Amino acid sequence: NGEAAQETIQMVTEQNERLSKLVRTLLDMSELQTVARNDKIELCGLIEEVLADLEPLAQEKGVTLIQKSQSTVDEKEENAGEGLMLTGSDILIYRMLYNLVENAIKYNVDDGWVRVSLDADHKFFYVTVADSGMGIPEDSIDRIFERFYRVDKSHSREIGGTGLGLAIARNAVIAHRGAIKVYSEEGEGTTFTVRIPLIYTAS
């Protein structure tokens, strides 16, 4: 009936307003720069948390999640990755990792894999998110970090989401004075690499 339809329209309108507010907060760089970035983040643990949170989605899609950690600071140190501490915003780094891994799962192939690797030297930490997915066409590579840009609009509608995941990830990296790059070949998968300054505390 008309009353139910009106309620639905109002609900969708409210959700859109909330989403718009979230988008403005997350993507406006002046807002991002005001987010406190003094959390001590243990990166191995944070990656484990992201992968655990996304495991149900991975199982649903038939995708295997793989975590690798190593450190070039001291090759002899066992479990070196566990000593890697980042000073930054826990919520922004979590969201950046979550968005990259979620995309890698969603745009993968049957029985595919996503591998998250952590590495570091004396100045930076490096996170690599590689997948066995469908890859990104060469003419889209330069645009994937744009807000609302979709590589495959028909497939994106099936998958859902807002088209903001990579834009948010990129801005979270920039807020930590870092850089993000993508390497991809259509039909061969995609690799994102993130480089962010770190504080290394091996004990």
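This text follows the structure it describes.
Now for a look at the structure at hand.

Cut-offs and rules
Residues numbered from 1 in each chain as written. Predicted model: local features only at pLDDT ≥ 70, side-chain atom pairs only at ≥ 80, totals over all residues. Heavy atoms only, no water. Buried < 20%, exposed > 50% of the residue type's maximum accessible area, 1.4 Å probe, protein only. Helix = DSSP H or I, 4+ residues; strand = E, 2+ residues; numbered from the N terminus. Pairing = 2+ DSSP bridges. Axes fitted to C-alpha atoms, helices over the stretch in contact; angles between N-to-C directions. Parallel < 35°, antiparallel > 145°, perpendicular 65-115°, else oblique. Left-handed = near helix turned anticlockwise from the far one by under 90°. Contact = heavy atoms within 4.5 Å. Nonpolar A, V, L, I, M, F, W, Y, C, P; charged D, E, K, R; others polar. Phe/Tyr/Trp six-rings, centres within 6.5 Å; stacked < 30°, edge-to-face > 60°. Lys NZ or Arg CZ within 6 Å of the ring centre and 35° of its normal.

## Let's talk about the pairing of strand 5 (residues 124-131)
So, step 1. Across the eight residues of strand 5, six count as buried, placing the element largely inside the fold.
So, step 2. Linking strand 4 (residues 113-120) to strand 5, which pair antiparallel, is a turn of three residues.
So, step 3. Here strand 5 pairs with strand 7 (residues 189-197) via seven bridges, running antiparallel. Looking at the pairing, Phe125 lines up with Ile196 of strand 7.

## Here we look at the packing of helix 3 (residues 43-61) against helix 4 (residues 90-106)
So, step 1. Packing of helix 3 against helix 4 leaves a shortest axis separation of 9 Å and a crossing angle of 30°. Judged on the interaxial angle alone, helix 4 and helix 3 are roughly parallel. As for the relative orientation of helix 3 and helix 4, their crossing is right-handed in sense. Residues Leu43, Leu46, Ile47, Glu49, Val50, Leu51, Asp53, Leu54, Leu57, Ala58 and Lys61 of helix 3 form the contact with helix 4, whose participating residues are Asp90, Ile93, Tyr94, Leu97, Tyr98, Val101, Glu102, Ile105 and Lys106.

## A word on unusual backbone geometry
So, step 1. Phi is positive for Asp111, which is not a glycine, with a value near 60°.
So, step 2. Within the element layout of this structure, Asp111 appears in the loop between helix 4 and strand 4.
So, step 3. Its relative accessible area of 71% is what places Asp111 among the exposed residues.

## Quick word on the packing of helix 4 against helix 6 (residues 165-175)
Geometry of a packed helix pair, given as the angle between the helix axes and the separation of the axes.
So, step 1. Interaxial distance between helix 4 and helix 6 falls to 8 Å at its minimum, and their mutual angle equals 145°. Taken as a pair, helix 4 and helix 6 cross one another with a handedness that is left-handed. From helix 4, Leu92, Arg95, Met96, Asn99, Leu100 and Asn103 reach across to helix 6, where they touch Gly165, Leu166, Ile168, Ala169, Ala172, Val173 and Ala175.
So, step 2. Taken together, the residues of the contact of helix 4 with helix 6 break down into nine nonpolar, three polar and one charged.

## Side note on the packing of aromatic side chains
So, step 1. Counted by the stated rule, this structure contains two aromatic pairs.
So, step 2. Arranged with centres 6.3 Å apart and planes meeting at 55°, the rings of Phe124 and Tyr126 form a pair that is tilted.
So, step 3. According to the relative accessible area criterion, Tyr126 is partly exposed, its value standing at 29%.
So, step 4. Positioned above the aromatic ring of Tyr98, the side-chain terminus of Arg95 is 4.9 Å from the ring centre.
So, step 5. Arg195 extends its terminal NZ or CZ atom over the ring of Phe124, reaching a point 4.3 Å from the ring centre.

## Some remarks on the sheet that holds strand 6 (residues 179-185)
So, step 1. The strand order across the open sheet formed by five strands is 2-4-5-7-6, and the pairing between neighbours is mixed. Looking at the sheet topology across the chains shown, the edges are occupied by strand 2 (64-69) and strand 6. Averaged over all pairs of adjacent strands, the angle between their axes in this sheet comes to 10°, without regard to strand direction.
So, step 2. Here strand 6 pairs with strand 7 via seven bridges, running antiparallel. Within strand 7, the residue paired with Ala179 across the bridge is Arg195.
So, step 3. Strand contacts of helix 6: strand 6 and strand 7, with the helix running at about 25° to strand 7, the strand carrying the most contacts.

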